Amino acid sequence: LTKPDNFYMLDHEGGRVNRIKSPLIAADKLNPENEDDYYHQWNKDLTTIKQKCVNVILGPTVDVNYGDRSYSKDLKNNLQIALPIVSAIERKGMLPVIKHFPGEMLNCVDKFARKEVRSCPQGFEEINEEWKNFNPDNFPAIMMSNYIYEKASPLPAVMDDKMYKYLKNTLGYKGLIITDA
């Protein structure tokens, strides 16, 4: 990625989070029978996106329990599925941003309208168990979650310095951290 004067970001995941005209399916529709077509469509989309001077892709999503935006209910699997997408984005000279750290967990409930802020009963112990297979070297940028993890903090992760320290110090993440807050 060359260092531009400005970053132009595009939220693109497929399915309902699709900012260009594309038949890219939602994450939950991916299965072994359509995997090659799925990655091929990502590559086509990335060519189109790059032509529009976008240099940061806000995707793919690796959350579990995130409805049609989740590949599966297993973070390890989701991270593996995301790797070829991340590589394709980087080959096009753009920055991929996996999202949302630490993600949708079990038994989260809406705190405000539109599911932008949810409250999850988990804390760092559960987050650590969920993210134990994370290889920080594979992902150059991560978007923080807007969710509250009650056992960790009363603040949304995006606003909590403890969550950033956990990501950097405990998980060893050295890449770019962004938010959509």
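A brief structural summary. All of these numbers come straight from a predicted model, not from anything done at the bench.

1. Quick notes on the overall build of the chain
Item 1. Assigned secondary structure in the chain consists of 4 helices and 9 strands.
Item 2. For the chain, the sequential pattern of α-helices and β-strands runs β-α-β-α-β-β-β-β-α-β-β-α-β.
Item 3. Computed over the C-alpha atoms, the radius of gyration of the chain is 16 Å, within 12% of the 16 Å expected from 2.2 N^0.38 for a compact globule of 181 residues.
Item 4. Across its three principal axes, the chain shows a C-alpha extent of roughly 45 × 40 × 30 Å.
Item 5. Here the chain holds 181 residues, and 51% of them are scored as buried.
Item 6. Partitioning the contacts of the chain with sequence separation of at least 6, the portion at a separation of at least 24 is 67%.
Item 7. Total accessible area computed for the chain in this model is approximately 9500 Å², and 49% of it derives from carbon and sulfur atoms.
Item 8. Taken as two groups, the 24 positive and 25 negative side-chain charges of the chain have centres that lie 4 Å from each other.

2. Here's the deal with the pattern of salt bridges
Between side chains of opposite charge, a pair can form when the charged atoms approach closely.
Item 1. For the structure shown, the criterion picks out 11 salt bridges.
Item 2. Between Lys 151 and Glu 126 there is a salt bridge, with the nearest N and O atoms lying 2.8 Å from each other. One end of the pair, Lys 151, is in the loop between β8 (148–149) and α4 (161–170); the other, Glu 126, is in helix α3 (residues 124–130), with 25 residues separating them in the sequence.
Item 3. Put simply, Asp 11, Glu 13, Arg 19, Arg 69 and Lys 99 are held in one network by salt bridges that share partners.

3. Quick notes on the packing of helix α1 (residues 35–51) against helix α2 (residues 75–91)
Two measures define how a pair of helices packs: the angle their axes make with one another and the distance between the axes.
Item 1. As a packed pair, α1 and α2 sit with axes 10 Å apart at the nearest point and diverge in direction by 25 degrees. Of the possible angle classes, the one that applies to α1 and α2 is roughly parallel. Pair α1 / α2 crosses with right-handed handedness. For the pair formed by α1 and α2, the contact residues are Tyr 38, Tyr 39, Trp 42, Asn 43 and Leu 46 on the first element and Ile 81, Pro 84, Ile 85, Ala 88, Ile 89 and Arg 91 on the second.

4. Points about the sheet that holds β8
Item 1. Ordered in space as β5-β6-β8, the 3 strands form an open sheet in which the pairing is mixed. Bordering the open sheet on either side are β5 (109–110) and β8, each of which pairs with just one other strand.
Item 2. Across 2 bridges, the pairing between strand β6 (residues 118–120) and β8 is parallel. From the neighbouring strand, Cys 120 faces β8, where its bridge partner is Tyr 149.

5. A few points about the sheet that holds strand β7 (residues 141–144)
Item 1. With parallel pairing, 3 strands are arranged side by side in an open sheet as β4-β7-β9. Two strands close off the open sheet at either side, each with one partner strand: β4 (98–101) and β9 (176–178). Direction aside, the axes of adjacent strands within the sheet are offset by 35 degrees on average.
Item 2. Note: β7 against β9, 3 bridges, orientation parallel. Residue Ala 141 lies in a different strand from β9, and its bridge partner there is Leu 176.
Item 3. Where α4 meets the sheet, its contacts fall on β4, β7 and β9, and the angle it forms with β7 comes to roughly 155 degrees.

6. Examining α1
Item 1. The end-to-end C-alpha distance of α1, which contains 17 residues, comes to 25 Å, matching closely the 24 Å that a straight helix rising 1.5 Å per residue would cover.
Item 2. Taken as a whole, α1 has its buried residues at Tyr 38, Tyr 39, Gln 41, Trp 42, Asp 45, Leu 46 and Ile 49. When α1 is viewed along its axis, its buried side chains cluster within an angular range of 155 degrees and face the same direction. In α1, those exposed residues whose orientation departs by more than 90 degrees from the buried face are Asp 36, Asp 37, His 40 and Gln 51.

Rules used in this analysis
Residues numbered from 1 in each chain as written. Predicted model: local features only at pLDDT ≥ 70, side-chain atom pairs only at ≥ 80, totals over all residues. Heavy atoms only, no water. Helix = DSSP H or I, 4+ residues; strand = E, 2+ residues; numbered from the N terminus. Rg over C-alpha atoms; globule rule 2.2 N^0.38 Å. Buried < 20%, exposed > 50% of the residue type's maximum accessible area, 1.4 Å probe, protein only. Contact = heavy atoms within 4.5 Å. Areas by Shrake-Rupley, 256 points an atom, 1.4 Å probe, with all protein chains shown as cover. Lys, Arg positive; Asp, Glu negative; His and termini not counted. Charge placed at Lys NZ, Arg CZ, Asp CG, Glu CD. Salt bridge = Lys/Arg side-chain N within 4 Å of Asp/Glu carboxyl O. Axes fitted to C-alpha atoms, helices over the stretch in contact; angles between N-to-C directions. Parallel < 35°, antiparallel > 145°, perpendicular 65-115°, else oblique. Left-handed = near helix turned anticlockwise from the far one by under 90°. Pairing = 2+ DSSP bridges. Expected span 1.5 Å × (residues − 1). Arc of directions from axis to C-beta.

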